[in-house]
Amino acid sequence: KYGKTILERMLEQLIKNNIDNIIIVLGYQEANSNLYIKELSKAYNELNIITVNNLDFAITGTLKSLLIGLGEVSNSKGDVLIIEGDVVCEDSIFQDILSERKNILAVDSGSKLGDEDMKYVISDSDTIHKISKELRIEDAHGVYTGILRLLESDINNFISIGEEIYKKNNLAFYESIIDSGEIIFNYLDVFPKKWTEVDFPLEYKKARQIFSDEKKI
């Protein structure tokens, strides 16, 4: 074992930012993941960690998983910080987004864009106008990092919009709610701060290189 897992690192970042109620949405190999998270819960006993399962993970998109997770917070107090499970970033990105009292996406205007990136376009009013993998690279203003803050006042509306989208497309990404334009989302440009997502071994190697000046991840 090289050091901390991505999840361990993320939990420690949330603790630093005084976030102690955590909901983790599981899918593939959820039984193994649950065992691991139970062990983590013992190590990080100051956190209240709840796991929920998307049993249909193989035939649904990220929208379904997020709706399941938000179902656990719809009657709770406070805003929601949504973090995709493959994101590795420096602490200050969390600090910056938590300092903003608005619906806001952490984005990066400086990354080289690829066809599979979740790209965004900014409106004339300086809010998120469009967000989709289908956007042309030449039209996009950057890439979405996979971190957003959702205000408490908009949680139920966010869920309702998502449910309507899901009825029409069970494979939809959760960003389609933002793309609908029914809720205004601002953006926080994190460039040139350090972050990456880890889907494949090569990206894990990249993450280790990016954060080589920190303790092992």
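Just so you know, these numbers come straight off a predicted model, no measurement behind them.

Enquirer: I'd like a description of the packing of aromatic side chains, backed by residues and values.
Expert: Scanning all chains against the criterion turns up three aromatic pairs. Judged by centre distance (6.2 Å) and plane angle (65°), the rings of Tyr28 and Phe57 are edge-to-face. Here Tyr28 is found in the loop between β1 (21–26) and α2 (30–43), whereas its partner Phe57 is found in the loop between β2 (48–53) and α3 (62–70), with 29 residues between them in sequence. We classify Phe57 as partly exposed; its relative accessible area is 37%. Between Tyr144 and Tyr174 the ring centres are 6.4 Å apart and the planes differ by 80°, which places this aromatic pair in the edge-to-face class.

Enquirer: Outline the pattern of salt bridges, listing residues and values.
Expert: A full pass over the atoms with the stated rule returns 12 salt bridges. Arg101 is the salt-bridge partner of Asp79, the closest N and O atoms lying 3.0 Å from each other. Of this pair, Asp79 sits in the loop between α3 and β3 (80–83) while Arg101 sits in the loop between α4 (91–98) and β5 (104–108); the two residues are 22 residues apart in sequence, bridging distant segments of the chain. A relative accessible area of 58% means that Arg101 is categorised as exposed. Residues participating in the shared-partner salt-bridge network are Asp79, Arg101 and Arg149.

Enquirer: Describe the packing of helix α1 (residues 6–16) against α2, listing the residues and the values that go with them.
Expert: Geometrically, a packed helix pair is captured by the angle between its two axes and the distance between the axes. The N-to-C vectors of α1 and α2 enclose an angle of 40°; their axes lie 12 Å apart at closest approach. The two elements α1 and α2 meet at a crossing, and its hand is right-handed. Residues Leu7, Glu8 and Leu11 of α1 pack against Tyr36, Ile37 and Leu40 of α2. Looking at side-chain class alone, the contact of α1 with α2 contains five nonpolar, no polar and one charged residues.

Enquirer: For the environment of Asn53, give the residues involved together with the corresponding values.
Expert: Summarising the element assignment, Asn53 is placed in strand β2. Along the primary structure Asn53 and Gly27 are separated by 26 residues, whereas in three dimensions their C-alpha atoms are 5.8 Å apart. If near-sequence neighbours (up to four positions away) are discounted, Asn53 is found in contact with Leu26, Glu30, Asn34 and Ile68. Of note is the side chain of Asn53, whose polar atom sits 3.4 Å from the side chain of Glu30.

The rules behind the values
- Residues numbered from 1 in each chain as written.
- Predicted model: local features only at pLDDT ≥ 70, side-chain atom pairs only at ≥ 80, totals over all residues.
- Heavy atoms only, no water.
- Phe/Tyr/Trp six-rings, centres within 6.5 Å; stacked < 30°, edge-to-face > 60°.
- Helix = DSSP H or I, 4+ residues; strand = E, 2+ residues; numbered from the N terminus.
- Buried < 20%, exposed > 50% of the residue type's maximum accessible area, 1.4 Å probe, protein only.
- Salt bridge = Lys/Arg side-chain N within 4 Å of Asp/Glu carboxyl O.
- Axes fitted to C-alpha atoms, helices over the stretch in contact; angles between N-to-C directions.
- Left-handed = near helix turned anticlockwise from the far one by under 90°.
- Contact = heavy atoms within 4.5 Å.
- Nonpolar A, V, L, I, M, F, W, Y, C, P; charged D, E, K, R; others polar.
- Polar contact = N/O pair within 3.5 Å; in protein donor to acceptor, adjacent residues only side chain to side chain.

On their own, these measurements won't tell you what the molecule is for.
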